[in-house]
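# Observations on the three-dimensional arrangement
Okay, here's what each chain looks like letter by letter:
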Amino acid sequence: MNEELEELAARASRGDESVIPELLQAIRPQVLRRVSKFLPYREDAEEAAQDTLMTVATKIHMFKGTGSFAGWLTVVATNCARQTYRSLKRRSVEQSAEVLPEAIDPRTTSVIAGSRLDLLEALESLEASHPQLVQPLVLRDLGAMSYAEIAEELAVPLGTVKARIHQARKQVAAHLTVR
């Protein structure tokens, strides 16, 4: 993120509501790219992007400026994508009682879509067993933030960040290889 965007975010977090539309317009493409890493269908990604933008607009005051706006936005977008996935999963279970699912044809199923869903399942499992490991992993591997930036963002020592990411990767890898 550039300095201009960081400044817009800082102004908005201090209560300058006049910059929020400009901020939302500027971050929309990045938000859509971020949530698309999780959600394979464009409509689902659009839903999560809208939720992210709404969250940014209504909770920008929670961004305290101790870390970067990019890090804060990564967390918000990732959480919205994961919430959208949970919602879709819940709706799917509710609908499965009404309609029998068709057999999945592996020739028409995207490998990328399948791997994204596997990653979401792995993150769900990690959150259930070790919730403190999810955010550092997401910031590093999906947010491409440095270890130092993550330590600053989460206000924890650098060694703790490295240990949590290492442990999270082991847990996620184990979940992904079980399948």
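Before reading further, recall that the structure is shown in the block above.
This next bit is on the side chain of Ser13. Take Ser13: it is sitting in helix α1 (residues 3–13). A distance of 2.8 Å separates the side chain of Ser13 from the backbone oxygen of Ala10, its partner in a polar contact. Residues in contact with Ser13, not counting those within four places in the same chain, are Ile60, His61 and Phe63.

On to the packing of aromatic side chains, then. Applying the stated criterion across every chain, the model contains three aromatic pairs. A ring pair is formed by Phe63 and Phe69, whose centres lie 5.5 Å apart and whose planes are at 75°; its orientation type is edge-to-face. Per residue, the accessibility class of Phe63 equals that of Phe69, and both read buried. Cluster of aromatic residues (ring-pair linked, three or more members): Phe63, Phe69 and Trp72.

Next up on the list: the nonpolar core. If you look at the biggest cluster of nonpolar residues, it comprises 40 residues, and the most contacted ones within it are Leu23, Ile27, Val35, Leu39, Val56, Ile60 and Phe69. Secondary-structure elements contributing two or more residues to this core are α1, α2 (20–36), α3 (42–59), α4 (69–96), α5 (111–129), α6 (134–142) and α8 (158–178). Element by element, the count of residues in this core is highest for α4, at eight residues. Ranked by size, the runner-up nonpolar core spans nine residues in total, among them Val75, Leu139, Val161 and Ile165.

Let us look at the packing of α2 against α3. To characterise two packed helices, one gives the angle between the axes of the helices and the distance between these axes. Remark: α2 packs on α3, axes separated minimally by 9 Å, with the N-to-C direction vectors making an angle of 140°. Read as a crossing pair, α2 and α3 show a hand that is right-handed. Contact residues: Ile20, Leu23, Leu24, Ile27, Arg28, Val31, Leu32, Val35 and Ser36 in α2; Arg42, Ala45, Glu46, Ala48, Ala49, Gln50, Thr52, Leu53, Val56 and Ala57 in α3. Taken together, the residues of the contact of α2 with α3 sort by class into 13 nonpolar, three polar and three charged.

Conventions adopted
Residues numbered from 1 in each chain as written. Predicted model: local features only at pLDDT ≥ 70, side-chain atom pairs only at ≥ 80, totals over all residues. Heavy atoms only, no water. Helix = DSSP H or I, 4+ residues; strand = E, 2+ residues; numbered from the N terminus. Polar contact = N/O pair within 3.5 Å; in protein donor to acceptor, adjacent residues only side chain to side chain. Contact = heavy atoms within 4.5 Å. Phe/Tyr/Trp six-rings, centres within 6.5 Å; stacked < 30°, edge-to-face > 60°. Buried < 20%, exposed > 50% of the residue type's maximum accessible area, 1.4 Å probe, protein only. Core = buried A, V, L, I, M, F, W, Y, C linked by side-chain atoms within 4.5 Å. Axes fitted to C-alpha atoms, helices over the stretch in contact; angles between N-to-C directions. Left-handed = near helix turned anticlockwise from the far one by under 90°. Nonpolar A, V, L, I, M, F, W, Y, C, P; charged D, E, K, R; others polar.

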